[in-house]
Amino acid sequence: GNSVTQMEGPVTLSEEAFLTINCTYTATGYPSLFWYVQYPGEGLQLLLKATKADDKGSNKGFEATYRKETTSFHLEKGSVQVSDSAVYFCALSLNSGGSNYKLTFGKGTLLTVNP
Amino acid sequence: DGGITQSPKYLFRKEGQNVTLSCEQNLNHDAMYWYRQDPGQGLRLIYYSQIVNDFQKGDIAEGYSVSREKKESFPLTVTSAQKNPTAFYLCASSTWQGEETQYFGPGTRLLVL
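Residues numbered from 1 in each chain as written. Chains lettered and ligands numbered in written order. Predicted model: local features only at pLDDT ≥ 70, side-chain atom pairs only at ≥ 80, totals over all residues. Heavy atoms only, no water.

Novice: What is the right way to look at the overall build of chain B in this model?
Specialist: A tally of helices and strands in chain B yields 0 helices and 11 strands. The order of α-helices and β-strands along chain B, N terminus first, is β-β-β-β-β-β-β-β-β-β-β. For chain B, whose C-alpha radius of gyration is 13 Å, the value lies close to the compact-globule estimate of 13 Å for 113 residues. The principal-axis extents of the C-alpha atoms in chain B amount to approximately 40 × 25 × 25 Å. Across chain B, every contact between residues at least 6 apart in sequence was considered, and the portion connecting residues at least 24 apart equals 53%. As displayed, chain B has an accessible area near 5,500 Å², and 47% of this comes from carbon and sulfur atoms. Across chain B, the centroid of the 11 positively charged side chains sits 9 Å from that of the 12 negatively charged ones. (Helix = DSSP H or I, 4+ residues; strand = E, 2+ residues; numbered from the N terminus. Rg over C-alpha atoms; globule rule 2.2 N^0.38 Å. Contact = heavy atoms within 4.5 Å. Areas by Shrake-Rupley, 256 points an atom, 1.4 Å probe, with all protein chains shown as cover. Lys, Arg positive; Asp, Glu negative; His and termini not counted. Charge placed at Lys NZ, Arg CZ, Asp CG, Glu CD.)

See below:
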């Protein structure tokens, strides 16, 4: 079956540090890949996505590149801020029949950024 | 503003009681979804609906029921058969054709008294 594995947290960084959260996937077919972010007590927000190999998704200083050869979609940011503290979810989407797309999520990585 | 609303934000259930979580969207999306989130387990799909008056079971449907009588509404009932209902419940929606991105509501936290 399809699955997403992301690095376990928690990850604690100082402000302006470099961030990497690793994500690898297993899928039958060619999925689209997503990063969602969840701030405390809130729902999920789409952070970025990539729909085919070598695509780079980017938003708010975050970026991730769809690497088909390594089945990876690692999230990076050059300089984190305290406001980036949240749980980050990697996810994949595959057509499960007809036009129905099913999202499969990783377990989430808690990021805490200290001033 | 277009978006997804969920109510209530917190819900308390007594033993043997059924409770219903509300999810409404004004995005004109055809597909809607319910997820359950437990600490350290990510999100798991409970039910989804691709069109009005039609819905399918997800990975953990036992103890839950849904209806889809209107395009904009997809309520979830947590029945007394669900023995471990304490969790954060998230509703999401997406367009029908070719758009895989799902948009999420703010969530409802269900607690058992």
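Novice: Is there a simple way to explain the side chain of Thr109 of chain A in this structure?
Specialist: Residues and elements named next belong to chain A. Along the chain, Thr109 turns up in strand β12 (residues 109-114). Assessed through its relative accessible area of 0%, Thr109 is described here as buried. A distance of 2.9 Å separates a polar atom in the side chain of Thr109 from a polar atom in the side chain of Gln6. With near-sequence residues (within four places) excluded, Thr109 lies in contact with Gln6, Met7, Gly9, Val11, Ile21, Ala86, Val87 and Tyr88. (Buried < 20%, exposed > 50% of the residue type's maximum accessible area, 1.4 Å probe, protein only. Polar contact = N/O pair within 3.5 Å; in protein donor to acceptor, adjacent residues only side chain to side chain.)

Novice: Is there a simple way to think about the pattern of salt bridges in this case?
Specialist: Two side chains that carry opposite charge are able to pair once their charged atoms sit near each other. Applying the stated rule across the entire model yields 6 salt bridges over all chains. Among the ionic pairs, Lys52 of chain A bridges to Asp55 of chain A, the shortest N-O distance being 3.4 Å. Notably, a salt bridge pairs Lys56 of chain A with Glu63 of chain A, separated by 3.6 Å at the nearest N-O pair. We classify Glu63 of chain A as partly exposed; its relative accessible area is 31%. Shared partners join several salt bridges into a network, and the residues in it are Arg36, Asp38 and Arg44 of chain B. (Salt bridge = Lys/Arg side-chain N within 4 Å of Asp/Glu carboxyl O.)

Novice: Sorry, what's going on with the environment of Thr20 of chain A here?
Specialist: Residues and elements named next belong to chain A. With respect to the element layout, Thr20 can be found in strand β3 (residues 19-21). According to the relative accessible area criterion, Thr20 is partly exposed, its value standing at 28%. Separated by 54 residues in sequence, Thr20 and His74 have C-alpha atoms that sit 6.8 Å apart. When sequence neighbours within four positions are dropped, the list of residues in contact with Thr20 reads Met7, Leu75 and Glu76.

Novice: Quick question: what am I supposed to make of the nonpolar core here?
Specialist: The tendency in soluble globular proteins is for nonpolar side chains to be buried side by side. Among the nonpolar cores identified, the biggest contains 27 residues, and Trp35, Leu47, Leu48, Phe73, Leu75 and Tyr88 of chain A are the most heavily contacted of them. Mapped onto this core, the elements with two or more residues apiece are β2 (11-14), β3, β4 (23-26), β5 (32-38), β6 (44-50), β8 (62-65), β10 (86-95) and β12 of chain A. The element contributing the most residues to this core is β10 of chain A, with 5 residues. When sequence neighbours within four positions are dropped, the list of residues in contact with Leu48 of chain A reads Leu33, Phe34, Trp35, Gly57, Ser58, Asn59, Phe62, Glu63, Ala64, Phe73 and Leu75 of chain A. One finds Val19, Phe74, Leu76 and Val78 of chain B within the second-largest nonpolar core, a separate group that totals 20 residues. (Core = buried A, V, L, I, M, F, W, Y, C linked by side-chain atoms within 4.5 Å.)

Novice: Which parts of the structure should I look at to understand the sheet that holds β8 of chain A?
Specialist: In a beta sheet, neighbouring strands pair by backbone hydrogen bonds and run either parallel or antiparallel. Residues and elements named next belong to chain A. Strand order in the open sheet formed by 4 strands is β3-β9-β8-β7, with antiparallel pairing between adjacent strands. Pairing within the sheet leaves two strands with one partner each, and these edge strands are β3 and β7 (56-59). Strand-to-strand twist in this sheet, taken as the mean axis angle between neighbours without regard to direction, amounts to 15 degrees. (Pairing = 2+ DSSP bridges. Axes fitted to C-alpha atoms, helices over the stretch in contact; angles between N-to-C directions.)

Novice: Help me understand the environment of Asn22 of chain A, please; the structure alone is not making it clear to me.
Specialist: Residues and elements named next belong to chain A. Tracing the sequence through the fold places Asn22 in the loop between β3 and β4. Measuring from C-alpha to C-alpha, the distance between Asn22 and Met7 comes to 5.4 Å, with 15 residues separating the pair along the chain. Sequence-distant contacts of Asn22, that is, excluding residues within four places in its chain, are made with Thr5, Gln6, Met7, Trp35 and His74. Polar contacts involving the side chain of Asn22 include one to the side chain of His74, which spans 3.5 Å.

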